Structure formats: structure tokens, C-alpha cells
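What the coordinates show
Below, each chain spelled out in residue letters.
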Amino acid sequence: LVDMYVKFGMLEKARQVLEDLPVRDIFSWSALISGYTRKGHGHEALKCFERMHTEGLSPDAITFTCILKACGSTRNIGKGIKFHDEIIRKGLLENNVVLGNALVDMYAKCGVLRKAQQVLNELPVRDIVSWSSLIGGYTQHGLGHEALKCFEQMKEDGIAPDVVTFTCALKACSSTGSIEKGAQIHDEVARRGLLGRYIVLGNALVDMYAKCGEVVKAHEALEKIHVRDMISWSALIAGYVQLHQGHEALNCFERMKG
């Protein structure tokens with residue numbers, strides 16, 4: 001019942017059912033914690049976790065994975081470090097890729113990127129999710145060169161980038177002005193047949209070329225997007241404005257409205 005209400009997004013009803021249960025176990029608490037985390041209610045998820053603890057229940061790998069996501073969304077690094085220590089004491093990291101990825105993601109979202117890198121390096125198995133979390137963290141905190149280094153390390157590890165990773169790498173190129181690297185990524189995206197299929201990736205390409213001053217390339221990239229939105233048009237208009245090409249910017253503005 002708790003899980004059903006959680007999956008329908010009826011979190012207050014799920015909590016009410018849980019409170020009325022004569023016996024609460026790790027599964028009912030984990031379902032509610034997961035629901036709060038998925039809906040972006042990290043503080044509520046952390047409160048539930050503490051309640052679960054006071055009832056004498058010991059978290060498992062699934063519960064820790066959910067609560068680490070809550071720490072990341074609320075930037076609660078203190079709690080995150082505490083949970084990390086508990087995870088190590090319980091030996092839960094061994095052969096648990098999902099939990100390891102949640103740790104990397106938590107540290108990355110909290111801006112503790114050196115620790116995120118350390119955790120990733122120590123994982124017995126690294127996958128696209130762990131690498132994307134770290135690359136996204138570096139990009140989000142303005143460390144584009146480090147993001148691009150990780151992108152190359154990931155490929156050296158034999159892991160092929162996905163749409164999320166390509167998007168983060170293109171944002172890193174935008175922030176560092178790395179037009180050559182951006183063009184290489186563009187070629188790779190085209191070879192993989194990803195162009196035009198994912199609007200977020202198309203937008204990242206337009207933005208990368210526009211921020212690097214290559215507005216012609218940015219315009220070409222925009223024309224190849226099957227569905228153009230406010231983000232793609234705004235990136236191109238901003239690129240023209242940055243180069244003092246006001247007429248082109250206004251033309252784009254009119255086309256966007258039309």
C-alpha cells in the first residue's frame with residue numbers, strides 16, 4: 001500500500017498508511033524515503049530516515065542509495081559523509097555499483113569534487129552513470145577542463161558516452177571555449193546517429209558553438225534540430241548579440257515567434 005501510493009505520487013497518503021501500520025519494516029520506510037527523494041523533497045526523506053533509525057531499523061543498500069540522493073539534492077554534505085562512513089562500516093560498497101554511483105553523485109552535487117573523484121577511482125566497477133555524475137559535477141561547478149579530462153578518461157576505460165555525458169561535455173566546451181574539442185564531440189554525436197533525436201543534445205550543440213563565437217555553426221546545428229524550443233533559439237540569439245550582430249539576432253527572434 002505504501003509503495004502503491006508512493007508510485008502514484010500521493011506521498012502524504014503513503015505516509016499516513018505507514019504511520020498506521022502496526023509494524024513498520026525497512027521495505028515500507030525505504031518506499032516512502034524513495035518517494036520523497038524522487039519528488040525532490042530531500043528534507044522530508046532525511047526526516048523519515050532518522051525516524052527509521054530511532055525505531056531500531058538498520059538501513060540496507062537500497063535505503064542508503066535513496067538517502068544519498070536526498071543529501072545531494074539538499075546539499076547536505078555533513079549527513080552524506082556520515083552515511084558514507086556507515087556504508088563502509090557495513091561493507092555495503094562491495095560489488096554494489098548503484099550504491100557507489102550514488103556516493104559519487106552525492107559528493108559531485110555537493111561540490112566536493114575531489115572526494116567524488118576519489119570515490120569513483122576506488123569503485124571496483126565504473127559505469128556510464130558514475131562517470132556522468134562526476135563529469136556533470138565538474139561542469140556544474142565551472143570546472144570545464146576537469147570535466148573534459150574525465151570525459152577522455154571514461155573513453156579510455158572503454159565506456160561509450162551517452163546523451164547525458166555528451167551534453168555535459170558540450171557544456172564544458174562552452175565554458176572553456178574549447179571549440180576544437182566541441183567539434184570533435186559533434187562529429188562523434190553525428191557518427192552515433194544521435195543528432196536530431198534528443199533536443200537537450202541539440203540545444204547543447206547550439207549553445208557550445210554560440211558561446212565559442214561560431215554562430216554560423218550554431219545556426220547550422222539549430223536547423224538540424226527537429227523540434228526547436230526557447231532554449232535553442234535563445235542560445236543562438238545570445239551568440240549573435242555577443243558578436244554585435246544585432247540584425248541577425250532580431251531575425252532569429254522573429255523566426256522563433258513565427
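For the structure given in this document, a descriptive report is provided here. (Residues numbered from 1 in each chain as written. Predicted model: local features only at pLDDT ≥ 70, side-chain atom pairs only at ≥ 80, totals over all residues. Heavy atoms only, no water.)

1. What to know about the packing of aromatic side chains
Given two aromatic rings, their pairing is described by the distance between the two centres and the angle made by the two planes. Taken as a whole, this structure holds four aromatic pairs when the rule is applied. Taking the centre distance of 6.1 Å and the plane angle of 55 degrees together, the rings of Phe 151 and Phe 166 count as tilted. Of this pair, Phe 151 sits in helix H10 (residues 144-156) while Phe 166 sits in helix H11 (residues 163-176); the two residues are 15 residues apart in sequence, bridging distant segments of the chain. A relative accessible area of 1% places Phe 151 in the buried class. What makes Phe 166 buried here is its relative accessible area of 0%. Members of the aromatic cluster, joined through ring pairs, are Phe 49, Phe 64 and Phe 83. (Phe/Tyr/Trp six-rings, centres within 6.5 Å; stacked < 30°, edge-to-face > 60°. Helix = DSSP H or I, 4+ residues; strand = E, 2+ residues; numbered from the N terminus. Buried < 20%, exposed > 50% of the residue type's maximum accessible area, 1.4 Å probe, protein only.)

2. Let's talk about helix H15 (residues 230-242)
A turn of α-helix holds 3.6 residues, and therefore any two residues three or four places apart point the same way. With 13 residues, H15 extends 18 Å from end C-alpha to end C-alpha; this agrees with the ideal 18 Å at 1.5 Å per step. Where H15 is concerned, the buried positions are Ser 232, Trp 233, Ala 235, Leu 236, Ile 237, Gly 239 and Tyr 240. If you follow the buried residues of H15, they end up packed against helix H13 (199-211), helix H14 (215-223) and helix H16 (246-257). (Expected span 1.5 Å × (residues − 1). Contact = heavy atoms within 4.5 Å.)

3. Let's talk about the packing of helix H3 (residues 26-38) against helix H5 (residues 61-74)
Running from amino to carboxyl end, H3 crosses H5 at an angle of 25 degrees, the nearest separation of the two axes being 9 Å. Classified by the angle their axes make, H3 and H5 are roughly parallel. With respect to the hand of their crossing, H3 and H5 are arranged in left-handed fashion. Contacts between H3 and H5 involve Ile 26, Ser 30, Ile 33, Ser 34 and Thr 37 from the former and Thr 63, Cys 66, Ile 67, Lys 69 and Ala 70 from the latter. In terms of residue class, the contact of H3 with H5 is made up of five nonpolar, four polar and one charged. (Axes fitted to C-alpha atoms, helices over the stretch in contact; angles between N-to-C directions. Parallel < 35°, antiparallel > 145°, perpendicular 65-115°, else oblique. Left-handed = near helix turned anticlockwise from the far one by under 90°. Nonpolar A, V, L, I, M, F, W, Y, C, P; charged D, E, K, R; others polar.)

4. Focus: the pattern of salt bridges
Here the structure, examined in full by the defined rule, presents 17 salt bridges. When the shortest N-O distance is used, the salt bridge between Lys 155 and Glu 188 registers 3.2 Å. Taken together, the positions of Lys 155 in helix H10 and Glu 188 in helix H12 (residues 179-191) put the pair 33 residues apart, joining distant regions of the chain. On the basis of relative accessible area, Lys 155 is assigned to the partly exposed category, the value being 29%. Note on Glu 188: relative accessible area 14%, which makes it buried. For Lys 211, the salt bridge goes to Asp 207, with nearest N and O atoms at 2.7 Å. With Lys 211 and Asp 207 both in helix H13, this residue pair falls four residues apart, about one helical turn. Residue classification places Lys 211 among the partly exposed positions, given a relative accessible area of 45%. The network of salt bridges with common partners includes Arg 15, Glu 19, Arg 24, Glu 44, Lys 47, Arg 51 and Glu 55. (Salt bridge = Lys/Arg side-chain N within 4 Å of Asp/Glu carboxyl O.)

5. Regarding the environment of Ile 199
For Ile 199, the position within the fold is in helix H13. A relative accessible area of 34% places Ile 199 in the partly exposed class. For Ile 199 and Ser 232, which are 33 residues apart along the polypeptide, the C-alpha to C-alpha distance reads 8.6 Å.

6. With respect to the nonpolar core
Counting 80 residues, the largest nonpolar core has Leu 32 and Ile 67 as its most contacted members. Every residue in contact with Leu 32, bar those within four places of it in the chain, is listed here: Val 2, Val 6, Leu 11, Ala 14, Arg 15, Leu 18 and Cys 48. (Core = buried A, V, L, I, M, F, W, Y, C linked by side-chain atoms within 4.5 Å.)

7. Comments concerning the side chain of Glu 86
Mapping Glu 86 onto the fold places it in helix H6 (residues 77-90). Contacts of Glu 86, omitting those with residues within four sequence positions, involve His 53, Pro 59 and Phe 64.

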